[in-house]
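Here is what each chain is made of, one letter per residue.
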Amino acid sequence: MSDRHLTVPVDAQNSQQKLVIPIVRQVTLADITSSLKLGIMDFVKTPVIGLTFGAFFFVGGVLVTLLSFWVHMSYISYPLACGFLLLGPFAAIGLYEVSRRLQAGETPRMSSVLTLMWEQRRGEIAWMAFVVIFIQFLWMFKVHLLLALFLGMQGYGTFLQFAQTIFETFDGLLFLIAGHLVGAFFAMLLFAVSVVSFPLLLDTELDFVTAMITSFKVVTGSPVIMVGWGLLITAILMVSMIPMFVGLLVTLPVLGHTTWHLYKRVVTFDEV
């Protein structure tokens, strides 16, 4: 068994595996600040790996934006870019592994990290990734649905024309408000089921449903702190996207490392 997994002891007399139960404890502000500090330290220790993963989001964000302009649908560039960021928890698996190895006193190598990510394609993490992609699909569907409901899916020659419609008409303002409210719901849903589920699956051999339930318990068990953390993440990502996604080169790796340390602080395991 790989050393990255949680070992499940076997009773020598009855040869039955003991059931491992994730235990969620209350999240405090100290947990958030300490995890963030450790996340920054991990990035400083492995800047090349962090910047490489950050570059994935930087390049991806630029490409999806350029694609929307290329197909003359520039008006969906903003929601499309936001939807692309929903893939963050899955793409951050490599960052979780880097933090795990640093915490274990090991030296992370990019090649071994990428190999581990490739090995997850048929495991529980792959199923969790499917959940993330499905939520992203619903995200884009709601954009088209709200466009049709409020603006009638009319064409726009330029992004400026679309912006004028949004900010200078009543229907446009309704679309803007409804889009952000519904988008916030999907973002919070994804945050709730994935905030610790990916690092948990990387660290253990539990199933993805248990991981999602555990993640949901982390959020609902400390709603004020966790919702505040989710809003802070959103604000950081929004600011990082302003200069053509350049800020994501640093902020996403740091947030990925931080997520690992937060998981290790708030989730423990019991055997029954």
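Reading the values: rules and limits
Residues numbered from 1 in each chain as written. Predicted model: local features only at pLDDT ≥ 70, side-chain atom pairs only at ≥ 80, totals over all residues. Heavy atoms only, no water. Helix = DSSP H or I, 4+ residues; strand = E, 2+ residues; numbered from the N terminus. Buried < 20%, exposed > 50% of the residue type's maximum accessible area, 1.4 Å probe, protein only. Contact = heavy atoms within 4.5 Å. pLDDT = per-residue confidence, 0-100. Salt bridge = Lys/Arg side-chain N within 4 Å of Asp/Glu carboxyl O. Expected span 1.5 Å × (residues − 1). Arc of directions from axis to C-beta. Core = buried A, V, L, I, M, F, W, Y, C linked by side-chain atoms within 4.5 Å. Phe/Tyr/Trp six-rings, centres within 6.5 Å; stacked < 30°, edge-to-face > 60°. Axes fitted to C-alpha atoms, helices over the stretch in contact; angles between N-to-C directions. Parallel < 35°, antiparallel > 145°, perpendicular 65-115°, else oblique. Nonpolar A, V, L, I, M, F, W, Y, C, P; charged D, E, K, R; others polar. Polar contact = N/O pair within 3.5 Å; in protein donor to acceptor, adjacent residues only side chain to side chain.

### Some words on the overall build of the protein chain
Moving on, step 1. Each helix and strand in the protein chain was counted, giving 13 helices and two strands.
Moving on, step 2. Here the protein chain, with 272 residues, has 46% of them falling under the buried criterion.
Moving on, step 3. Partitioning the contacts of the protein chain with sequence separation of at least 6, the portion at a separation of at least 24 is 76%.

### Overview of the confidence of the model for the protein chain
Moving on, step 1. On average, residues of the protein chain score 82 in pLDDT, and 82% of them are at 70 or above.
Moving on, step 2. Mean pLDDT per element in the protein chain: helix 3 (residues 77–85) is the minimum at 63, and helix 1 (residues 29–45) is the maximum at 96.
Moving on, step 3. Note that pLDDT drops below 50 for residues 1–16; the model gives that stretch 30 contacts with residues more than four away or on any other chain.

### Re the pattern of salt bridges
Moving on, step 1. Counting across every chain of the model gives six salt bridges.
Moving on, step 2. With a closest N to O distance of 2.6 Å, E97 and R101 form a salt bridge. Of the two residues, E97 and R101 both sit in helix 5 (residues 93–103), four residues apart, roughly one turn of that helix.
Moving on, step 3. According to the relative accessible area criterion, R101 is buried, its value standing at 14%.
Moving on, step 4. Between R100 and E106 there is a salt bridge, and its shortest N-O distance comes to 3.9 Å.
Moving on, step 5. What makes R100 buried here is its relative accessible area of 9%.
Moving on, step 6. What you see here is one network of salt bridges that share partners, running through E97, R100, R101 and E106.

### Quick notes on helix 12 (residues 223–241)
Moving on, step 1. Taking 1.5 Å of rise per residue, the 19 residues of helix 12 would be expected to cover 27 Å, and the 27 Å separating its terminal C-alpha atoms lies within 8% of that figure.
Moving on, step 2. By the burial criterion, the buried members of helix 12 are M226, W229, G230, I233, L237, S240 and M241. The buried residues of helix 12 occupy one face: seen down the axis, they fall within an arc of 105°. Of the exposed residues in helix 12, those oriented more than 90 degrees away from the buried face are V224, L231 and V239.

### Side note on the nonpolar core
The tendency in soluble globular proteins is for nonpolar side chains to be buried side by side.
Moving on, step 1. Core analysis: the largest hydrophobic core is formed by 61 residues, its most contacted members being M128, M226 and W229.
Moving on, step 2. Setting aside chain neighbours within four positions, we find M226 in contact with V27, F191, V195, V218, V219 and L262.

### Some thoughts on the packing of aromatic side chains
Moving on, step 1. Across all of its chains, the model carries four aromatic pairs by this definition.
Moving on, step 2. Taken together, a centroid distance of 5.2 Å and an interplanar angle of 80° make the contact between F56 and F57 edge-to-face.
Moving on, step 3. Classification of F56 by relative accessible area gives partly exposed; the value is 44%.
Moving on, step 4. Measuring from centroid to centroid gives 6.1 Å for W127 and F208, while their planes differ by 15°, and the two rings are stacked. You can see W127 sitting in helix 7 (residues 124–151) and its partner F208 sitting in helix 11 (residues 208–221), a full 81 residues away along the chain.
Moving on, step 5. Taking the relative accessible area as the measure of exposure, F208 reaches 19% and is therefore buried.

### A word on the packing of helix 7 against helix 9 (residues 170–194)
Moving on, step 1. Two numbers describe how helix 7 lies on helix 9: the axes approach to 10 Å, and their chain directions differ by 170°. Viewed along their axes, helix 7 and helix 9 adopt a mutual orientation that is roughly antiparallel.
Moving on, step 2. For the contact of helix 7 with helix 9, a count of residues per class yields 18 nonpolar, four polar and two charged.

### Observations regarding helix 11
Moving on, step 1. Taking 1.5 Å per residue, 14 residues should reach 20 Å; helix 11 reaches 19 Å between its end C-alpha atoms and fits that length.
Moving on, step 2. Turning to helix 11, its buried residues are F208, A211, M212, T214, S215, V218 and V219. Angularly, the buried residues of helix 11 cover 160° about the axis, an arc narrow enough to put them on a single face.
Moving on, step 3. With a side-chain oxygen lying 3.1 Å from the backbone nitrogen of V209, the N-terminal cap of helix 11 falls on D207.

### A few points about the environment of V267
Moving on, step 1. By the secondary structure assignment, V267 is in strand 2 (residues 267–271).
Moving on, step 2. Between the C-alpha atoms of V267 and V196, which are 71 residues apart in sequence, the distance is 8.5 Å.
Moving on, step 3. In contact with V267, other than residues within four places in its own chain, are P22, I23, V196, L200, T214 and V218.

### Topic: the environment of L237
Moving on, step 1. Looking at where L237 falls in the secondary structure, it is placed in helix 12.
Moving on, step 2. Measuring from C-alpha to C-alpha, the distance between L237 and G247 comes to 8.1 Å, with 10 residues separating the pair along the chain.

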